[in-house]
Amino acid sequence: DYKFFYSHSCYNPETRSALIISINNRVIKIAPSLLSADFAELGKETQRASSAGADWLHVDVMDGHFVPNITIGPVVTAAIRPHTKLPLDVHLMISEPEKYIEPFCKAGADMVSFHIEASGGHSEKLVDLIKKFGKKAGVVLNPATPAVSVGALIGKVDYVLAMTVWPGFGGQKFIADVLPKIKELRLMFGNGFDVQVDGGLNPQTAFECARNGANVIVAGTAVFGQKDLAAAIKALRDNALKGMKSP
Ligand code: DX5
Ligand code: ZN
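Sorry, what's going on with the coordination of the zinc ion (ligand 2) here?
Ideal donor angles around a metal are set by the shape: a four-donor tetrahedron calls for 109.5 degrees, a six-donor octahedron for 90 or 180 degrees. Coordination of the zinc ion (ligand 2) by the protein is provided by His-58 (NE2), Asp-60 (OD), His-91 (ND1) and Asp-198 (OD), with metal-donor distances spanning 2.0 to 2.3 Å. Its six donor atoms give the zinc ion (ligand 2) angles of 69 to 167 degrees at the centre, a pattern that matches the octahedral case. Donor residues binding the zinc ion (ligand 2) come from one chain and are separated in sequence as H-x1-D-x30-H-x106-D. Taking the relative accessible area as the measure of exposure, His-58 reaches 0% and is therefore buried.

Following this line, the structure appears as structure tokens:
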């Protein structure tokens, strides 16, 4: 007796069809990860993803300490900013996130997420700090971190991100063991809330994640690794929608 609540349908001139974009107040969003873009052409790559139908742009920040890789800092984030009107979704995979929230907010992030494992028990303060700058706050869980560890942030954060690979590198294999936790997070945070997944997402795994309650799909390889970005984003969205509708 699970009933879908269809709302906000819209007309898509490209496919000439009415699209159902929201079920149970959940909207599928595709967030290409710039980690898999050509770093020598970040401006162009940002524009390419934006005009291919992305909803958010995912910026992976790594410090070589919390994760074994180093990527983008506030300077590069600021350089990307003028190339898109889409929200910049900054994923901090760093130790001591409190030190860098301000620089990333000032660099033009619209949303900032930090890892619960790196929060040193001060997650509520980190959320307040992000919100002080008028940005959306998200909390991230590594594959082995249980859903209950972010329970105190219900009603405080704007989105939650379940890692479906161990953070650090693009192109890794999706960890299916995380699926029950995605379901749990959806139940904990409720329907009109953004539950994001990141790592190893392709149309098939996006289907599985959406079926278990995720509505924001981050994808690096499955977008920038493809020739036709618009087709890649559409395939992710179509499959996630199917997953969302699937019991
Ligand atoms: C991993 C990053 C991801 C990464 C995903 O540490 O947080 O955002 O870019 O890449 P794919 O989609 O290739 O697994
Ligand atoms: Zn990420």
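Is there a simple way to think about the sheet that holds strand 11 (residues 216–219) in this case?
Think of a sheet as strands paired side by side through backbone hydrogen bonds, with each pair either parallel or antiparallel. Strand order in the open sheet formed by eight strands is 4-11-10-9-8-7-6-5, and the pairing between neighbours is parallel. Edge positions in the sheet fall to strand 4 (29–32) and strand 5 (57–62), since each has one partner strand and no second. The sheet shows a mean angle of 25 degrees between the axes of neighbouring strands, direction not considered. With four bridges connecting them, strand 8 (residues 136–141) and strand 9 (residues 159–163) associate as parallel partners.

Would you explain the packing of aromatic side chains in this entry?
Pairs of aromatic rings are described using the distance from one ring centre to the other and the angle between the two planes. Under the counting rule described, the total for this entry stands at two aromatic pairs. Ring plane angle 20 degrees and centroid distance 4.6 Å describe the contact between Phe-189 and Phe-193, whose orientation is recorded as stacked. For the pair Phe-189 and Phe-193, one class covers both residues: buried.

In this structure, what is going on with the site of ligand 1? I would like to understand it.
If you check the shell around ligand 1, you find 20 residues, and the closest are Asp-60, Gly-168, Asp-198, Gly-220 and Thr-221. At 3.5 Å from an oxygen atom of ligand 1 is found a side-chain nitrogen or oxygen belonging to His-58. In the complex, the protein chains occlude 99% of the 380 Å² of accessible area that ligand 1 would expose alone. Breaking the shell around ligand 1 down by element, the ones donating at least two residues are strand 5, strand 6 (88–93) and strand 11. In terms of residue count, the dominant contributor to the shell around ligand 1 is strand 5 (three residues). Within the shell around ligand 1, the residues separate by chemical class into eight nonpolar, 10 polar and two charged.

Please clarify how unusual backbone geometry should be interpreted in this entry.
Excluding glycine, residues mostly carry a negative phi; peptide bonds, for their part, are mostly trans. The residue Glu-96 is not glycine, and still its phi comes out positive at about 45 degrees. Along the chain, Glu-96 turns up in the loop between strand 6 and helix 3 (101–106).

Would you take a moment to explain the environment of Leu-42 for this structure?
Among the structural elements, Leu-42 can be located in helix 1 (residues 42–51). When its relative accessible area of 11% is taken as the criterion, Leu-42 is described as buried. Along the chain, Leu-42 and His-83 lie 41 residues apart, while their C-alpha atoms are 8.9 Å from each other.

Hey, could you run me through the pattern of salt bridges in this one?
If charged atoms from side chains of opposite charge come close, those side chains can pair. Taken as a whole and judged by the stated rule, the model has 11 salt bridges. One salt bridge connects Arg-81 with Asp-110, and the closest N-O pair in it is separated by 2.7 Å. Placement of the pair is Arg-81 in the loop between helix 2 (74–80) and strand 6 and Asp-110 in the loop between helix 3 and strand 7 (111–115), with a sequence separation of 29 residues. A relative accessible area of 19% means that Arg-81 is categorised as buried. Taking relative accessible area as the criterion, Asp-110 reaches 29% and is therefore assigned partly exposed. Between Lys-156 and Glu-124 there is a salt bridge, with the nearest N and O atoms lying 3.5 Å from each other.

Is there a simple way to explain the pairing of strand 10 (residues 194–198) in this structure?
Along any regular strand the residues' side chains alternate between the sheet's two faces. The buried fraction of strand 10 amounts to five of the five residues, a majority that puts the element mostly inside the structure. Side chains Asp-194, Gln-196 and Asp-198 of strand 10 all project onto a buried face; the interleaved residues Val-195 and Val-197 project onto the opposite face, where all are buried too. Strand direction decides the pairing type here: strand 9 and strand 10, joined by five bridges, are parallel. Across the sheet, Ala-162 pairs through a bridge with Val-197, a residue of strand 10. Strand direction decides the pairing type here: strand 10 and strand 11, joined by three bridges, are parallel. Each bridged residue has a counterpart across the sheet, and for Asp-198 the counterpart in strand 11 is Val-218. With helix 6 (residues 203–211) bridging strand 10 and its parallel neighbour strand 11, the resulting β-α-β unit is right-handed.

What counts, and at which threshold
Residues numbered from 1 in each chain as written. Chains lettered and ligands numbered in written order. Predicted model: local features only at pLDDT ≥ 70, side-chain atom pairs only at ≥ 80, totals over all residues. Heavy atoms only, no water. Donors = N, O, S within 2.8 Å, 3.2 Å for Na, K, Ca; no water. Tetrahedral: all angles 85-135°; square planar, octahedral: opposite > 155°, others 65-115°. Buried < 20%, exposed > 50% of the residue type's maximum accessible area, 1.4 Å probe, protein only. Pairing = 2+ DSSP bridges. Helix = DSSP H or I, 4+ residues; strand = E, 2+ residues; numbered from the N terminus. Axes fitted to C-alpha atoms, helices over the stretch in contact; angles between N-to-C directions. Phe/Tyr/Trp six-rings, centres within 6.5 Å; stacked < 30°, edge-to-face > 60°. Near = heavy atom within 4 Å. Polar contact = N/O pair within 3.5 Å; in protein donor to acceptor, adjacent residues only side chain to side chain. Areas by Shrake-Rupley, 256 points an atom, 1.4 Å probe, with all protein chains shown as cover. Nonpolar A, V, L, I, M, F, W, Y, C, P; charged D, E, K, R; others polar. Salt bridge = Lys/Arg side-chain N within 4 Å of Asp/Glu carboxyl O. Right-handed = clockwise from strand over helix to strand, strands pointing away.

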